[in-house]
Structure formats: C-alpha cells, structure tokens
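What follows is each chain in one-letter form.
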Amino acid sequence: MIITIDGPAGAGKSTVAKALAQRLGFRFLDTGAMYRAVALAAMRRGLDGSQTDEIVALTGQIEVIVEEDGVLLDGDDVTAEIRTPEVTANTHWAADNPGVREQLVEWQRRIGESENIVSEGRDQGTVVFPDAQCKIFLTATPEERARRRARDLAARGETLSEAEVLAQQTQRDHRDQSRSCGPLVAAKDAVEVITDGLSQEEVVDRIAKLVP
Ligand code: DC
C-alpha cells in the first residue's frame, strides 16, 4: 500500500509521516532528502544551479540511500549536512531541474513497488504515485509553519527570528508552487488536513482513520 503526504514546508509532514509509518509498520520515505542530497552532491563537485545538464548527469552517477535514520551519499553519511541552511538554499538546483526530477521519480517508484510506504514530499500524490490508496495534503497557516521551523532551527543551534523564517518560507512556498515540473499542489483526490492547534498524535490519529 502507498500513502502519500504532500504539503508545504513546515506543515509537520516528516514527523507525522514517520509516526504514521511506524504505527502501520510501513517504510517512511523522505523524498525531500533525495533532492537535498543531489544538491549537496552538486555543491561538492563545485557546480552551480545554472549547470543544469551537468547536474542531471551527476544525478545518474551518484548513489543516494535514504533510510529512516539517515541519508548516505556515495556511502558518506550526510544526514546532518543536507539540513544546513546552505544546502536548503540550494536544493532548488535539484528540485527545479526536470531531468533530475525524472530520475528521482524513478527512484521513488522503485521503492514503492517493493514495499508498503508512507511517502512524503510535494508531488507524491500527483506525479509519483497517482494511484496511491490514501493521499493526504498536510498544511498549516504560514505563521504556524514559520513558528515551528524557527523552533526546530533553534533546537539545532541556528537562531533565526520567526519573521526571517517566514520570509524565507514565503519564497520557498512560491518556488515550490510555481515550478513547471512537479509543483506543490494538492491531488484532486487528496484529503486536506490542517494541523494548526493539533498535536502530532492528533494529526496521526486523524490520518490513520483515513487509511483504507
Ligand atoms: O521537504 P524538504 O524541505 O526536505 O524538501 C526540500 C526541497 O525539495 C523543497 O524546497 C521542495 C523540494 N521537494 C520537491 O520538489 N519534491 C519533493 N517530492 C520533495 C521535496
């Protein structure tokens, strides 16, 4: 079975998808981590975002393993590095590149063919798994999302004000929603869950009830 959870940054997708997967005994798939790892690989090669063909070719050469507890790039543990502000800022190099998306969609489908998954991202219910049995669009108000992200960043020792986080988030939302390939949009048959004021457990309970 495939359950997709799409939605904007800061809606709580990762935490909720992970908890839901654990509850159901499914594999949790963090597809954003794949885009982040490709961007990091490009940075390590000294490429920049305008070198789109080189980044497509590079994607075909690297090995990215996304497991529940970590991410390996060519065998190197990059779990923490892919979450740094630098990599976050450059992840659009991968996410806006149709040739990269094509390959990552393939990676994701291959995993979905062999396992029960809760797959989290932006295009999981629309592009990658249009026939998924359960599709969720998880969201929250921009202010609530920025508050949560500022809290997460602070926990990692990076202090940014909520206003700064909100400004970056607005930019990222716009980029995610307006990319020509795999934009952030709710699938027509997705159920929207708004997480403002709900605890993680309440959100997971609500979604679990929607699983056929
Ligand atoms: O979920 P995240 O913040 O780790 O995602 C990082 C970036 O990758 C984000 O800007 C959107 C993009 N992304 C995407 O385009 N498609 C996905 N399936 C997952 C993430």
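Small disclaimer: the values here were computed from a predicted structure and weren't measured.

Scoring rules and cut-offs
Residues numbered from 1 in each chain as written. Predicted model: local features only at pLDDT ≥ 70, side-chain atom pairs only at ≥ 80, totals over all residues. Heavy atoms only, no water. Near = heavy atom within 4 Å. Polar contact = N/O pair within 3.5 Å; in protein donor to acceptor, adjacent residues only side chain to side chain. Areas by Shrake-Rupley, 256 points an atom, 1.4 Å probe, with all protein chains shown as cover. Helix = DSSP H or I, 4+ residues; strand = E, 2+ residues; numbered from the N terminus. Expected span 1.5 Å × (residues − 1). Buried < 20%, exposed > 50% of the residue type's maximum accessible area, 1.4 Å probe, protein only. 1 Å grid on protein atoms, 1.4 Å probe; cavity = no way out; pocket = protein on both sides within 12 Å on 5 of 7 lines; lining within 4 Å. Points joined across faces, edges and corners; volume = space filled by probe spheres on them. Nonpolar A, V, L, I, M, F, W, Y, C, P; charged D, E, K, R; others polar. Salt bridge = Lys/Arg side-chain N within 4 Å of Asp/Glu carboxyl O. Contact = heavy atoms within 4.5 Å. Core = buried A, V, L, I, M, F, W, Y, C linked by side-chain atoms within 4.5 Å. Pairing = 2+ DSSP bridges. Axes fitted to C-alpha atoms, helices over the stretch in contact; angles between N-to-C directions. Patch = residues over 30% accessible without salt bridge, like charges linked within 9 Å, V, L, I, M, F, W, Y side chains within 5 Å. Lys, Arg positive; Asp, Glu negative; His and termini not counted. Charge placed at Lys NZ, Arg CZ, Asp CG, Glu CD.

Draft legend 1. Structural detail: the site of the ligand. Neighbouring residues of the ligand: 16 residues in total, closest Thr 31, Arg 36, Arg 101, Arg 122 and Asp 123. Between an oxygen atom of the ligand and a side-chain N or O atom of Asp 176, the distance comes to 3.3 Å. For the ligand, the protein covers 95% of the area, taking 450 Å² as the surface of the free molecule. Taken together, the elements giving at least two residues each to the shell around the ligand come down to α2 (31-44), β6 (117-121) and α9 (162-178).

Draft legend 2. Main features of helix α6 (residues 98-114). With 17 residues, α6 should reach 24 Å at 1.5 Å per residue; the first-to-last C-alpha distance of 25 Å fits that figure. Of the residues making up α6, those classed as buried are Gly 99, Val 100, Arg 101, Leu 104, Val 105, Trp 107, Gln 108, Ile 111 and Gly 112. The opening residue of α6, the one whose side-chain oxygen lies 3.0 Å from the backbone nitrogen of Gly 99, is Asn 97.

Draft legend 3. Looking closely at the layout of surface pockets. By volume, the second largest pocket amounts to about 180 Å³. With four residues, the top contributor of residues to the lining of the second largest pocket is strand β3 (residues 64-67). Looking at the lining of the second largest pocket, its residues break down into six nonpolar, no polar and four charged.

Draft legend 4. Broad picture of the pattern of salt bridges. Taken as a whole and assessed by the stated rule, the structure comprises 15 salt bridges. One network of salt bridges, with partners in common, ties together Asp 96, Arg 122, Arg 175, Asp 176 and Arg 179.

Draft legend 5. Local environment of the environment of Leu 58. Mapped onto the elements of the fold, Leu 58 is located in helix α3 (residues 52-61). Sequence separation of Leu 58 and Ala 41 is 17 residues, and the distance between their C-alpha atoms is 7.9 Å. Setting aside its immediate chain neighbours within four residues, Leu 58 contacts Ala 41, Ala 42, Arg 45 and Leu 47.

Draft legend 6. Main features of the nonpolar core. By size, the foremost hydrophobic cluster in this structure holds 33 residues, and its most contacted members are Val 38, Val 64, Val 71 and Ile 82. Of all the secondary structure elements, the ones that give two or more residues to this core are α2, α3, β3, β4 (70-73), α5 (92-95) and α6. Per element, the largest residue contribution to this core is eight residues, and it comes from α2. In contact with Val 38, not counting residues within four places along its chain, are Ile 55, Thr 59, Ile 62, Ala 94, Val 100, Leu 104 and Trp 107. The next biggest cluster of nonpolar side chains, apart from the first, holds 18 residues, and it includes Ala 17, Ala 19, Phe 28 and Ile 136.

Draft legend 7. Geometry of the sheet that holds strand β5 (residues 76-77). The three strands are arranged β3-β4-β5 in an open sheet whose pairing can be described as antiparallel. One side of each edge strand has no neighbouring strand; the edge strands of this open sheet are β3 and β5. Against the sheet, α2 contacts β3, β4 and β5, and its axis sits at roughly 35° relative to β4.

Draft legend 8. Structural view of helix α8 (residues 142-155). In a regular helix each residue adds 1.5 Å, so 14 residues correspond to 20 Å; α8 covers 20 Å between its end C-alpha atoms and thus fits that length. Of all the positions in α8, only Glu 144, Arg 145, Ala 146, Arg 148, Ala 150 and Leu 153 are classed as buried. Tucked inside the fold, the buried residues of α8 contact α9. At the C-terminal side of α8, Gly 157 shows a positive phi close to 85°.

Draft legend 9. Geometry of a negative patch on the surface. A grouping of Glu 67, Glu 68, Asp 69 and Asp 77 is seen on the molecular surface, where their side chains present a negatively charged patch. Overall, the relative accessible area of 44% leaves Glu 67 in the partly exposed class.

Draft legend 10. Region of the structure containing the environment of Glu 120. Mapped onto the secondary structure, Glu 120 falls in strand β6. Leaving out residues up to four positions away in the same chain, Glu 120 has contacts with Ile 5, Lys 13, Ser 14, Ala 17, Phe 28, Leu 29, Asp 30, Thr 31 and Gly 32.

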